[in-house]
Amino acid sequence: MDPVVIPILVAAIVVVFLVASTVRIVPQARRYNIERFGRYRRTLQPGLNFVVPVADRVNTKLDVREQVYSSDPRPVITEDNLVVNIDTVLYYQITDPRAAAYEVADYLQAIDQLTVTTLRNVIGSMDLEETLTSREEINSRLRAVLDDATGKWGIRVNRVEIKAIDPPHTIKEAMEKQMRAERDKRAAILHAEGERQAKILTAEGTKQKDILEAQGTQQAMILRADGEAKAVELVFQAVHRNNADPKVLAYKYLETLPHLASSDNNTFWVIPGELTEAVRTVTRAFGDQPVAGAHTPAQPEEAATAGVDDASPESRVPELDAGSPVSLDAAAAADEAEKQAAAAVSDAKAEAAAAMSPKAPHRGQTSGD
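Residues numbered from 1 in each chain as written. Predicted model: local features only at pLDDT ≥ 70, side-chain atom pairs only at ≥ 80, totals over all residues. Heavy atoms only, no water.

Another point: the overall build of the protein chain. Of regular secondary structure, the protein chain possesses ten helices and nine strands. Across the 369 residues that make up the protein chain, the buried fraction comes to 24%. Counting only contacts in the protein chain whose residues sit at least 6 apart along the sequence, the fraction spanning at least 24 positions is 64%. Here the protein chain has roughly 25900 Å² of accessible surface; of this, 57% comes from carbon and sulfur atoms. (Helix = DSSP H or I, 4+ residues; strand = E, 2+ residues; numbered from the N terminus. Buried < 20%, exposed > 50% of the residue type's maximum accessible area, 1.4 Å probe, protein only. Contact = heavy atoms within 4.5 Å. Areas by Shrake-Rupley, 256 points an atom, 1.4 Å probe, with all protein chains shown as cover.)

Glancing now at the sheet that holds strand S2 (residues 30-36). On the basis of which strands lie adjacent, the open sheet formed by three strands has the order S3-S2-S5 and antiparallel pairing. Each of the sheet's edge strands pairs with one partner strand only, and the pair in question is strand S3 (39-44) and strand S5 (56-63). Sheet twist, expressed as the mean angle between neighbouring strand axes with direction ignored, is 25°. Inspection of the sheet shows S2 paired to S3 by five bridges, in the antiparallel sense. Within S3, the residue paired with Tyr 32 across the bridge is Leu 44. (Pairing = 2+ DSSP bridges. Axes fitted to C-alpha atoms, helices over the stretch in contact; angles between N-to-C directions.)

A few words on the pattern of salt bridges. The tally for this structure, following the rule as stated, stands at seven salt bridges. Here Asp 63 makes a salt bridge to Arg 30, at a shortest N to O gap of 3.6 Å. Residue Asp 63 is located in strand S5, and its partner Arg 30 is located in strand S2; the two are separated by 33 residues in the primary sequence. With its nearest N and O atoms 2.5 Å apart, the salt bridge here joins Arg 36 to Asp 56. On the criterion of sequence distance, the pair formed by Arg 36 in strand S2 and Asp 56 in strand S5 is long-range, its members being 20 residues apart. (Salt bridge = Lys/Arg side-chain N within 4 Å of Asp/Glu carboxyl O.)

This part is about a nonpolar patch on the surface. Together, Ile 6, Val 10, Val 14, Phe 17, Leu 18 and Val 54 make up an exposed nonpolar region whose accessible area comes to about 560 Å². In this structure, Leu 18 sits in helix H1 (residues 5-22). (Patch = residues over 30% accessible without salt bridge, like charges linked within 9 Å, V, L, I, M, F, W, Y side chains within 5 Å.)

On to the nonpolar core, then. Across soluble globular proteins, nonpolar side chains show a tendency to be buried alongside one another. Core analysis: the biggest nonpolar cluster contains 29 residues, and Ile 86, Leu 90, Leu 119, Ile 138 and Ile 155 have the highest contact counts within it. Per-element accounting of this core gives the leading share, seven residues, to helix H3 (residues 107-123). In contact with Ile 155, other than residues within four places in its own chain, are Tyr 92, Gln 93, Ile 94, Thr 95, Tyr 107, Ile 111 and Thr 150. Core analysis: the next-biggest nonpolar cluster, separate from the first, contains five residues, Val 26, Tyr 32, Ile 34 and Leu 44 among them. (Core = buried A, V, L, I, M, F, W, Y, C linked by side-chain atoms within 4.5 Å.)

The next subject is the side chain of Thr 118. Relative to the helices and strands, Thr 118 is located in helix H3. Residue class for Thr 118 comes out buried when judged on its relative accessible area of 7%. Residues contacting Thr 118, with those up to four places away along its chain left out, are Leu 142 and Val 145.

Another aspect to go through is a positive patch on the surface. On the surface, Lys 177, Arg 180, Arg 183 and Arg 186 cluster together to form a positively charged patch. Classification of Arg 186 as partly exposed rests on a relative accessible area of 44%. (Lys, Arg positive; Asp, Glu negative; His and termini not counted. Charge placed at Lys NZ, Arg CZ, Asp CG, Glu CD.)

Glancing now at the packing of H3 against helix H5 (residues 135-150). One way to put it is that H3 packs onto H5 with a least axis distance of 10 Å and a crossing angle of 140°. Looking at the two axes, H3 sits oblique to H5. Crossing geometry of H3 relative to H5 is assigned as right-handed. Of the residues in H5, those touching H3 at Ile 111, Leu 114, Thr 115, Thr 118, Leu 119, Val 122 and Ile 123 are Ile 138, Arg 141, Leu 142, Val 145, Leu 146, Ala 149 and Thr 150. (Parallel < 35°, antiparallel > 145°, perpendicular 65-115°, else oblique. Left-handed = near helix turned anticlockwise from the far one by under 90°.)

This part is about the side chain of Thr 78. Among the structural elements, Thr 78 can be located in the loop between strand S7 (74-77) and strand S8 (83-94). Every residue in contact with Thr 78, bar those within four places of it in the chain, is listed here: Val 84, Ile 123, Gly 124, Met 126, Asp 127, Leu 128 and Thr 131.

Moving on: unusual backbone geometry. Even without a glycine there, the phi angle at Phe 37 is positive, about 55°. With a phi angle near 70°, Val 54 is a residue other than glycine that sits in the positive phi range. Position of Val 54 among the secondary structure elements: in the loop between strand S4 (47-50) and S5. When its relative accessible area of 73% is taken as the criterion, Val 54 is described as exposed.

Quick look at the packing of aromatic side chains now. Tallied over the entire structure, the rule returns two aromatic pairs. Between the aromatic rings of Tyr 40 and Tyr 102, the centroid separation amounts to 5.6 Å while the plane-to-plane angle is 70°, which identifies the pairing as edge-to-face. Of this pair, Tyr 40 sits in strand S3 while Tyr 102 sits in helix H2 (residues 97-102), placing them 62 residues apart in sequence. Classification of Tyr 102 as partly exposed rests on a relative accessible area of 33%. Between Tyr 92 and Tyr 107, the ring centres sit 6.0 Å apart and the planes meet at 65°, which makes this aromatic pair edge-to-face. Residue Tyr 92 is found in strand S8, and its partner Tyr 107 is found in helix H3; the two are separated by 15 residues along the sequence. For Arg 98, the ring lying beneath its charged end belongs to Tyr 40, and the centroid distance is 5.5 Å. (Phe/Tyr/Trp six-rings, centres within 6.5 Å; stacked < 30°, edge-to-face > 60°. Lys NZ or Arg CZ within 6 Å of the ring centre and 35° of its normal.)

Moving on: the confidence of the model for the protein chain. Looking at the protein chain, the pLDDT average stands at 75 and 66% of residues meet or exceed 70. Looking across the protein chain, the model is least confident in helix H9 (residues 300-309), with a mean pLDDT of 39, and most confident in S2, with 91. Of the regions scoring below 50 in pLDDT, residues 289-330 engages in 22 contacts with residues more than four places distant in sequence or in other chains. Note on residues 358-369: pLDDT under 50 across the span, and one contact to partners over four residues away in sequence or across chains. (pLDDT = per-residue confidence, 0-100.)

Here it is, written out as structure tokens:
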């Protein structure tokens, strides 16, 4: 080989090495700390950068994106002397690469130890129940302490979260029993409230039903009374409009009398005081009928007197002699009417007595029955 070529080749290799040592390409979201002869010179930004070969070198390469750090479970004692294991999750970001590289030797270890000590101070002032229900307060206090301490390290703590709080196994069993008892209590209360509401609604429904039935009965009685009143009024008007004869009224009175004790439920009945007057009226009515075969000659003077006396109600009943056949027939008819009335009254009394005595046999049954 030509002796001249060898020095040229060596020089070219040296030049290429120097050029490669001069150029530094930094990726996005990365920061490089440059030292010149062992002293911090500057921090390279993302992109193409030039350094002095041999004199400058890259000391640390840092990622300035937000990062997540999860610590291991650490035992912490609460105020009521219970040991719980707590896991934390830390979200942080490097804001000053120079401080992160030269102010602390290992910022992750420093953050972890600071988190544990701060957590023990915070949890030590709370009992177990407060610890389980005050996660937001614990997170805020942790973040305030860590952010203040890591600020000089060039690190910003964005968020601190408690991932898990694990009490002892015996405490877990006690808590489960307590929660089960609370749930059973709430279930019993809800069941009792449901039964109470059901009884109230049932009572309200019964009340409304009774009210509606009473109102219906009231309306029915009112309508029935109105109907009876109208019927009585119509009968009264018909009687007065047709000018019914007292004899007809007396006959209807005696016809209705046997029905006073016709019902089985009647245990008390009253015989009206007008019975004698009704019998007398019927007697007069039968006395006005002429006997077959007996003819009473009418005198001209009596005919004239009868024409004058017809205008008064008293003149309608003729006066009969005691020895005349018509008077005897009228007396017999009156006696027969009285006997029928007495028989009807006796039947009514017998039916009432039979209704009042439970051991007496009903009418129409024999003793063999």
